[in-house]
Amino acid sequence: MAPDRSDATKAERIDEVVRYAEERLSGKDTVAAEQFIRQYYARVPPQDVLDTPADALYASAFALWKFGEQRPPGAAKVRVLTPTIEEQGWTSSRSVVEVINDDMPFLLDSMLLELGERGHGVQLIIHPVLRLRRGDAGECLELAAGEAGGDEFAAESWMHFEIDALSGGAMADRSGMWSAMALNINSIVMRARLAPMQ
């Protein structure tokens, strides 16, 4: 069967995003950003990639990569924002929730449930599971290529949700949403740790 033309066009767009990154970065940042961009967008539907300019795809991915480069061991990182050119380097008509945590069962479902209970319609989900090697302080030392890497690499869930744009009042409640999601993740972590003992 002939390959889907949309998949081929998506691959061309991702190549364009990588070239865009190479023009703006240097050294170690370039290698890590290229690997991250390709893994980040690997399972995103072609149309969602093709509908977005290369510079916005780069800025969105790179902003998340920089956000997750440092993560204290065992701790979740969560942020809620409506991106702007001035602050994040890209803009969207939607608001964004991003969560980075150790990979574990039911994490994505739990986040979707939390957003649904708060009445937020989810328009796009990007959820790569990455294998990273981190230092003792949580700094990213290396991103594995796909499933590569030895025991020193750990699987992490990097979740990006695009939701209906938050109003001014809802944006003011970002700390409440952040706290609820952080508590939700902590609850999942505890259940996952207790499960082998039951």
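What comes next is a walk through the structure. (Residues numbered from 1 in each chain as written. Predicted model: local features only at pLDDT ≥ 70, side-chain atom pairs only at ≥ 80, totals over all residues. Heavy atoms only, no water.)

**Focus: the overall build of the protein chain**
And step 1. Secondary structure assignment for the protein chain yields eight helices and six strands.
And step 2. Listed N to C, the secondary structure of the protein chain is α-α-α-α-β-α-β-α-β-β-β-β-α-α in terms of helices and strands.
And step 3. For the protein chain, with 198 residues in total, the buried portion stands at 42%.
And step 4. Long-range contacts, defined here as pairs at least 24 residues apart, represent 71% of the contacts in the protein chain between residues at least 6 apart.
And step 5. Looking at the protein chain as shown, the accessible area adds up to about 10,500 Å², and 53% of this sits on carbon and sulfur atoms. (Helix = DSSP H or I, 4+ residues; strand = E, 2+ residues; numbered from the N terminus. Buried < 20%, exposed > 50% of the residue type's maximum accessible area, 1.4 Å probe, protein only. Contact = heavy atoms within 4.5 Å. Areas by Shrake-Rupley, 256 points an atom, 1.4 Å probe, with all protein chains shown as cover.)

**Re the packing of helix H1 (residues 5-24) against helix H2 (residues 28-40)**
And step 1. Close contact between H1 and H2 brings their axes to 10 Å; oriented N to C, the two are set at 160 degrees. Here H1 lies roughly antiparallel to H2, going by the angle between them. Of the two possible hands of crossing, H1 and H2 adopt the one that is right-handed. Here H1 contributes Ile-14, Asp-15, Val-17, Val-18, Ala-21 and Glu-22 to the contact with H2, which in turn contributes Thr-30, Glu-34, Ile-37 and Arg-38.
And step 2. Among the residues making up the contact of H1 with H2, the classes are represented as five nonpolar, one polar and four charged. (Axes fitted to C-alpha atoms, helices over the stretch in contact; angles between N-to-C directions. Parallel < 35°, antiparallel > 145°, perpendicular 65-115°, else oblique. Left-handed = near helix turned anticlockwise from the far one by under 90°. Nonpolar A, V, L, I, M, F, W, Y, C, P; charged D, E, K, R; others polar.)

**Examining helix H4 (residues 54-68)**
And step 1. Helix length check: H4 (15 residues) gives 21 Å between terminal C-alpha atoms against 21 Å at 1.5 Å per residue, within 8%.
And step 2. With 13 of 15 residues buried, H4 is to be regarded as a mostly interior element. (Expected span 1.5 Å × (residues − 1).)

**Considering the pattern of salt bridges**
And step 1. A complete count under the given rule lists twelve salt bridges for this structure.
And step 2. We note a salt bridge from Glu-34 to Arg-38, for which the minimum N-O separation is 3.5 Å. Taken together, the residues Glu-34 and Arg-38, both in helix H2 and four residues apart, mark about one turn of the helix.
And step 3. Arg-38 gets classed as partly exposed once you look at its relative accessible area, which sits at 35%.
And step 4. Two residues, Arg-118 and Glu-114, come together in a salt bridge whose shortest N-O distance is 3.1 Å.
And step 5. A relative accessible area of 31% means that Arg-118 is categorised as partly exposed. (Salt bridge = Lys/Arg side-chain N within 4 Å of Asp/Glu carboxyl O.)

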